[in-house]
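Results of the structural survey
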Amino acid sequence: MNNNAAVISDPDIDYVTAAPHRITADTLDAAMRWRYAVRRFTDDTISPAELDALLDAVRHSPSAYGLQPYQLIVISSRQVREQLLAHSYGQDKVVNCSHLLVFASYKDIDDALVERYVTLAANSRHVSPEDLGEYATQVKNALAAQTREQRASAAVNQSFLALGTLLTSAALLGIDCCPMSGFDASGYDDVLNLPQRGLSAAVICALGRRHPQDSSASYPRVRVPHGDWLLEY
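Cut-offs used in this document
- Residues numbered from 1 in each chain as written.
- Predicted model: local features only at pLDDT ≥ 70, side-chain atom pairs only at ≥ 80, totals over all residues.
- Heavy atoms only, no water.
- Helix = DSSP H or I, 4+ residues; strand = E, 2+ residues; numbered from the N terminus.
- Rg over C-alpha atoms; globule rule 2.2 N^0.38 Å.
- Buried < 20%, exposed > 50% of the residue type's maximum accessible area, 1.4 Å probe, protein only.
- Contact = heavy atoms within 4.5 Å.
- Areas by Shrake-Rupley, 256 points an atom, 1.4 Å probe, with all protein chains shown as cover.
- 1 Å grid on protein atoms, 1.4 Å probe; cavity = no way out; pocket = protein on both sides within 12 Å on 5 of 7 lines; lining within 4 Å.
- Points joined across faces, edges and corners; volume = space filled by probe spheres on them.
- Nonpolar A, V, L, I, M, F, W, Y, C, P; charged D, E, K, R; others polar.
- Patch = residues over 30% accessible without salt bridge, like charges linked within 9 Å, V, L, I, M, F, W, Y side chains within 5 Å.
- Salt bridge = Lys/Arg side-chain N within 4 Å of Asp/Glu carboxyl O.
- Axes fitted to C-alpha atoms, helices over the stretch in contact; angles between N-to-C directions.
- Parallel < 35°, antiparallel > 145°, perpendicular 65-115°, else oblique.
- Pairing = 2+ DSSP bridges.

Quick word on the overall build of the protein chain
Regarding its fold elements, the protein chain presents eight helices and four strands. Helices and strands appear in the protein chain in the N-to-C order α-α-β-α-β-α-α-α-β-α-β-α. Since a compact globule built from 233 residues should have a radius of gyration of about 17 Å, the 19 Å found for the protein chain is in line with a globular shape. Taken along its principal axes, the extent of the C-alpha atoms in the protein chain is 60 × 45 × 40 Å. The buried share of the protein chain, taken over its 233 residues, is 35%. A separation threshold of at least 6 residues defines the contact pool for the protein chain, and within that pool the share at least 24 residues apart is 81%. Of the roughly 13,800 Å² of accessible surface on the protein chain, 52% is carried by carbon and sulfur atoms.

Some words on the layout of surface pockets
One water molecule sets the probe size; rolling that probe over the atoms shows where empty space is left. Of the volumes computed, that of the second largest pocket is approximately 260 Å³. What lines the second largest pocket is a set of 14 residues, among which Tyr36, Ala37, Ser216, Tyr219 and Arg221 lie closest to the centre. Looking at the lining of the second largest pocket residue by residue, the classes come out as seven nonpolar, one polar and six charged.

Topic: helix 7 (residues 185-192)
Along helix 7, the residues classified as buried are Gly187, Tyr188, Asp189 and Leu192. On its buried face, helix 7 is in contact with strand 1 (70-75), helix 3 (78-85), strand 2 (99-106) and strand 4 (199-208). Asn193, located one to two residues past helix 7, shows a positive phi value of around 55°.

Digging into a nonpolar patch on the surface
A contiguous nonpolar patch, built from Ile23, Leu28 and Leu172 and spanning about 240 Å² of accessible area, is present on the exposed surface. Examined against the element boundaries, Leu172 turns out to sit in helix 6 (residues 148-173). Judged by its relative accessible area of 41%, Leu172 is partly exposed.

Section: the packing of helix 1 (residues 25-34) against helix 6
Contact geometry of helix 1 with helix 6 gives a least axis separation of 8 Å together with a crossing angle of 105°. The angle between the axes of helix 1 and helix 6 places the two elements in the roughly perpendicular class. Contacts from Ala31, Met32 and Trp34 of helix 1 reach helix 6 at Thr168, Ala170, Ala171 and Leu172. Counted by class, the contact of helix 1 with helix 6 contains six nonpolar, one polar and no charged residues.

Considering the sheet that holds strand 4
The four strands are arranged 1-2-4-3 in an open sheet whose pairing can be described as antiparallel. Two strands lie at the open edges of the sheet, namely strand 1 and strand 3 (176-180), each paired on one side alone. On average, each strand axis in the sheet is inclined to that of its neighbour by 25°, with strand direction left out of account. As paired elements, strand 1 and strand 2 share six bridges and run antiparallel to each other. Looking at the pairing, Tyr70 lines up with Ser105 of strand 2. Of the strands in this sheet, strand 1, strand 2 and strand 4 are in contact with helix 7, which crosses strand 4 at around 90°.

Right, here's the structure in full:
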């Protein structure tokens, strides 16, 4: 676990008043309608600036208790991706893409993750860790009330929250992607040596540019009708 993670704090941002960066509803709608799960990518590579912007957006994802119990692995090496292909159920887009992202969740949400958050929060708020002791105890007690399996499942859920941020941010940035939960997690774990880090692959996502001959691009989007999907009280 990296205990030297950067503190997310920007004194130039007013977190109370209305968001000055607000986009229009039309912009959001267009981005969501533009994106789809790309099946075939071009040979183009996502620029470092685009990739950094996307990864930082994911770093800002919401997370229960602020713990972020997962790590994001960026795989640009084609050699490594070729090793992972054997564990990807034949989905060659894991190789033929710009970058492959692996969300790897911790097998347990332990006290060390809580202490990491407390240290970062204390630095950000300019207080001592002891000032956050009551909160740390509450979180640790809440986690202790769960089984290890429940905590591991919660960590996977947090990874999917981050995936949601990734997909939306990629659409807004004009980056194509394809999320995948159908793969052999144990195979990915072995190739990437994740058990040694207390991690396991939760979900993956290929990034790149859609190929002009990707047949999936021409498929009409199928979604449950609004009236059948939404419940209101």
